[in-house]
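Residue-level listing of the chains:
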Amino acid sequence: MASRARALVASFALLGAGGCVAEGGAPLTSDDGGGHVAVSVAALSLPGVHDAVWDLRVATGASAETTVVTKRLTASGYGDGVASASYVAPCDASAVGDNTVELRLIGIYGATVADAGAYGDPAPGGKLDAVDPGLLAKKATCAPNGDTPVRFDVAVMRPANQGFFDVAVSFEDVFCSAKYDCAGEPLLYDGAARGATHVLGLACSAGATADAATRLHLTNVTVDCGVNGVATVDPASGTGNLCTSGATASCAPRVTDPSGLLFQAAVFQGVDDLPGQDVRYWNVALGVATASLDACTVRARATADDGSLGDEPVAVAAGAVYPYIDWAVPLVGCPASFPVATDGSAAPVAVAYTTTSATDPTPFAHTFGPAATPAPAPGGLVMYLDAGDAASYAGAGEQLWKNLVAAPADGRAQADYDFQLGPSSGTGDDPGFHGVAGARSASEYFTFGGGLRFILARGANTPFINSIHKDGARYTMVLWVRTPASFGMFGNYLGTSGWAAGNPGFLYSFRNGPRHQLSVLVQANGVMAAIGGAPSASTVYMMAASVDEPGATGFLYLNGAYDPVSGSDTFDATYVNPPTSDSGCAMEIGNAGCGVGDNYLPADARVYAVRIFNRALTKAEMDAEWALMRGRFGL
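Keep in mind that this is a model prediction, so the values were computed, not measured. (Residues numbered from 1 in each chain as written. Predicted model: local features only at pLDDT ≥ 70, side-chain atom pairs only at ≥ 80, totals over all residues. Heavy atoms only, no water.)

1. Observations concerning the state of the cysteines
Thought 1: Using the criterion set out here, one finds 3 disulfides in the structure.
Thought 2: A sulfur-sulfur separation of 2.1 Å characterises the disulfide bridge that pairs Cys 182 with Cys 334. Here the disulfide of Cys 182 and Cys 334 is left-handed, its torsion about the S-S bond being about -100°. Note that Cys 182 is positioned in the loop between strand E10 (174–181) and strand E11 (189–190) and Cys 334 in the loop between strand E23 (323–330) and strand E24 (337–339), a separation of 152 residues in sequence. Like Cys 182, the residue Cys 334 is buried in the burial classification.
Thought 3: Across the disulfide, Cys 243 is cross-linked to Cys 251 (sulfur-sulfur distance 2.2 Å). Classification of the bridge connecting Cys 243 and Cys 251 rests on its S-S torsion, roughly -95°, and on that basis the disulfide is left-handed.
Thought 4: Residue class for Cys 243 comes out buried when judged on its relative accessible area of 10%.
Thought 5: Relative accessible area serves as the criterion here: at 10%, Cys 251 is assigned to the buried category. (Disulfide = S-S within 2.5 Å. Helix = DSSP H or I, 4+ residues; strand = E, 2+ residues; numbered from the N terminus. Buried < 20%, exposed > 50% of the residue type's maximum accessible area, 1.4 Å probe, protein only.)

What follows is the structure in structure tokens.
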């Protein structure tokens, strides 16, 4: 395919929370030709500001009619937590004429904005009064193989630039660009002021069609300073600032930095909006705190595909030949900008290939893009909830966690498996959403906290849900959860049982011991079985069960391992004296049904996703379920 040059647009740095204008009130802009417009005006002083919301747009065309990328940013997520913000985004070097970079202040706030909304949305409520500087627009050449800073010199802004990278690698119908830039101006905040910032940049496309399904694959980013220590950044652990400024030593697992080599790390991730393309970018900014860089090397490895590399986490098979980009940047060479080299040289950023002689796979721990593994065939899925999918949960303020299965296999309506936050439409009993809607990372989940739960929105179980505790049950349940920091007597992830003889049902829980546990029916009736050994605290698990009661077969599953036996209980899926009555409680997530006291999940337990089938999955299909999402959590 023909190469299309792509680059990183320079970051912007917003200094204050007010706007400054020239005489007559018109917004001030300046051409970015190396100079700037000198403005002599008084800055607006706004005490008590604790957040700001900005809209960023990069576009092409004579009238900026073609959008490359848009992004809504907050100072709390992408800046100093007061009013300033920074972002690294793509531009289009194949466009005729310059790109246009547009910036607009949406509002300033006296407290952190929990839900800023999307680009172009109205300003969040609670905005403080301020002078609006209006739309700030700059023309900039998106130059391949060079750095072209974009500078905003309008009173509330100071110049800031970040290097571009060009398309430098083409293989099959996937093309990528990459760079390491340690010559840019300060970007991330080190306390109250910006500090030395390096940017590792990656952008790729798997083809020229909208359904190309580009996936980017990246390892952890390490800063290796030898005897002075090693810092590791997990690029899939979140977006925006990963740590509290100056506190990376206590920021694990997002950043593991016991020697304090970094003062901050940030991740910029997204998809550009050019029609007919599927270009994704994944950029990592490192705030370098160490006094001497001479003995330090930054290392990472990345590649891209359209799903051809198979299940996540991706690994190129031993003996296969596949290109990747290798960063091994000796920081003694800084300040400099290192574009990817394609001439086979041992450059700081270079193209490498896996080899036919390799005896081990070449792994990439993290993926950004559509999952390669489809839901298990031949079907049977009735319910799929995923905190990381915007179609399932659209973010703060949404009262439903929505079923993603358009046509449930039991013939019911899709909405029959929607869940409402709490038993009412209020927020006092709602689980808390964390992360960015649609990001599909390990950072998207719900927390609970003793008394908070989801409840089946229509208030009544479907016939299939009620069949789970009865004779002849066939089902599979898959839960992606994280255990709490400590284990109390009980904590129920999901269920319909009120745990009383007159209230039959089922539940999945942990209990003191500690252990994961599946209970079907109640007490002496039905089945109780523990899954695996004692679960670790604050650990992500896929806990699942596949049951065919008429066939007296079934197995429990925990993080890739099968467990047919637990202690003295043999789990053969045969129910004992099963009742025929329906459960008296609608199904809940975060408790066992009917809101039973101390069985609520504790505050630091997490639920990421739930998938339920109306049939028993095979072991091969359960392995596919494990492969479907394990890469998201680095498992």
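More follows now that the structure is in view.
2. Quick word on the pairing of strand E13 (residues 197–205)
For a regular strand, side-chain orientation follows a simple rule: the groups alternate between the two sheet faces.
Thought 1: In terms of residue burial, E13 counts as a mostly covered element, since 9 of its 9 residues are buried.
Thought 2: Neither face of E13 is left uncovered, since the one carrying Thr 197, Val 199, Gly 201, Ala 203 and Ser 205 and the one carrying His 198, Leu 200, Leu 202 and Cys 204 both have all their residues buried.
Thought 3: Both E13 and strand E20 (residues 279–288) contribute to a ladder of 7 bridges, which runs antiparallel. Along E20, the bridge assignment pairs Leu 200 with Val 284. (Pairing = 2+ DSSP bridges.)

3. A word on the side chain of Arg 453
Thought 1: Within the secondary structure, Arg 453 is located in the loop between strand E32 (445–447) and strand E33 (454–456).
Thought 2: With a relative accessible area of 12%, Arg 453 lands in the buried category.
Thought 3: Side chain to side chain, Arg 453 and Glu 588 meet in a polar contact 3.1 Å long. (Polar contact = N/O pair within 3.5 Å; in protein donor to acceptor, adjacent residues only side chain to side chain.)

4. What to know about the packing of aromatic side chains
Thought 1: Tallied over the entire structure, the rule returns 13 aromatic pairs.
Thought 2: With 4.8 Å between their ring centres and 85° between their planes, Phe 446 and Phe 454 make a pair best called edge-to-face. When sorted by exposure, Phe 446 lands in the same class as Phe 454, which is buried.
Thought 3: Note on Tyr 608 and Phe 633: the rings are 4.6 Å apart at their centroids and 65° apart in plane angle, and the pair reads as edge-to-face. Taken together, the residues Tyr 608 in strand E45 (residues 606–613) and Phe 633 in the segment after helix H3 (619–629) connect sequence positions 25 residues apart.
Thought 4: Put simply, the rings of Tyr 393, Trp 401, Phe 433, Phe 446, Phe 448 and Phe 454 touch in pairs and so form one group of aromatic residues.
Thought 5: For Arg 280, the ring lying beneath its charged end belongs to Phe 368, and the centroid distance is 5.0 Å.
Thought 6: One residue, Arg 606, lies across the ring of Tyr 445, its end atom 3.9 Å from the ring centre. (Phe/Tyr/Trp six-rings, centres within 6.5 Å; stacked < 30°, edge-to-face > 60°. Lys NZ or Arg CZ within 6 Å of the ring centre and 35° of its normal.)

5. Section: the pattern of salt bridges
Thought 1: This model, assessed by the stated rule, comprises 12 salt bridges.
Thought 2: Taking the shortest distance from any N to any O, the salt bridge between Glu 588 and Arg 453 comes out at 3.1 Å. Within this pair, whereas Glu 588 is found in strand E44 (residues 588–589), its partner Arg 453 is found in the loop between E32 and E33, the two being separated by 135 residues in sequence. Here Glu 588 and Arg 453 have matching classes, each one buried. (Salt bridge = Lys/Arg side-chain N within 4 Å of Asp/Glu carboxyl O.)

6. Let's talk about the sheet that holds strand E3 (residues 51–60)
Thought 1: Taking strand neighbours across the sheet as the criterion, the 4 strands line up as E4-E3-E6-E7 in an open arrangement whose pairing is antiparallel. Each end of this open sheet is capped by a strand with a single partner; those strands are strand E4 (66–74) and strand E7 (136–140). Adjacent strand axes in the sheet meet at a mean angle of 15°, parallel and antiparallel pairs treated alike.
Thought 2: Direction of pairing for strand E6 (residues 99–109) relative to E7: antiparallel, over a ladder of 5 bridges. Across the sheet, Leu 103 pairs through a bridge with Leu 136, a residue of E7. (Axes fitted to C-alpha atoms, helices over the stretch in contact; angles between N-to-C directions.)

7. Some details on the pairing of E6
Thought 1: Most of E6 sits out of view: 10 of its 11 residues are buried.
Thought 2: Pairing of E3 with E6 involves 9 bridges; the strand directions are antiparallel. Looking at the pairing, Trp 54 lines up with Leu 105 of E6.

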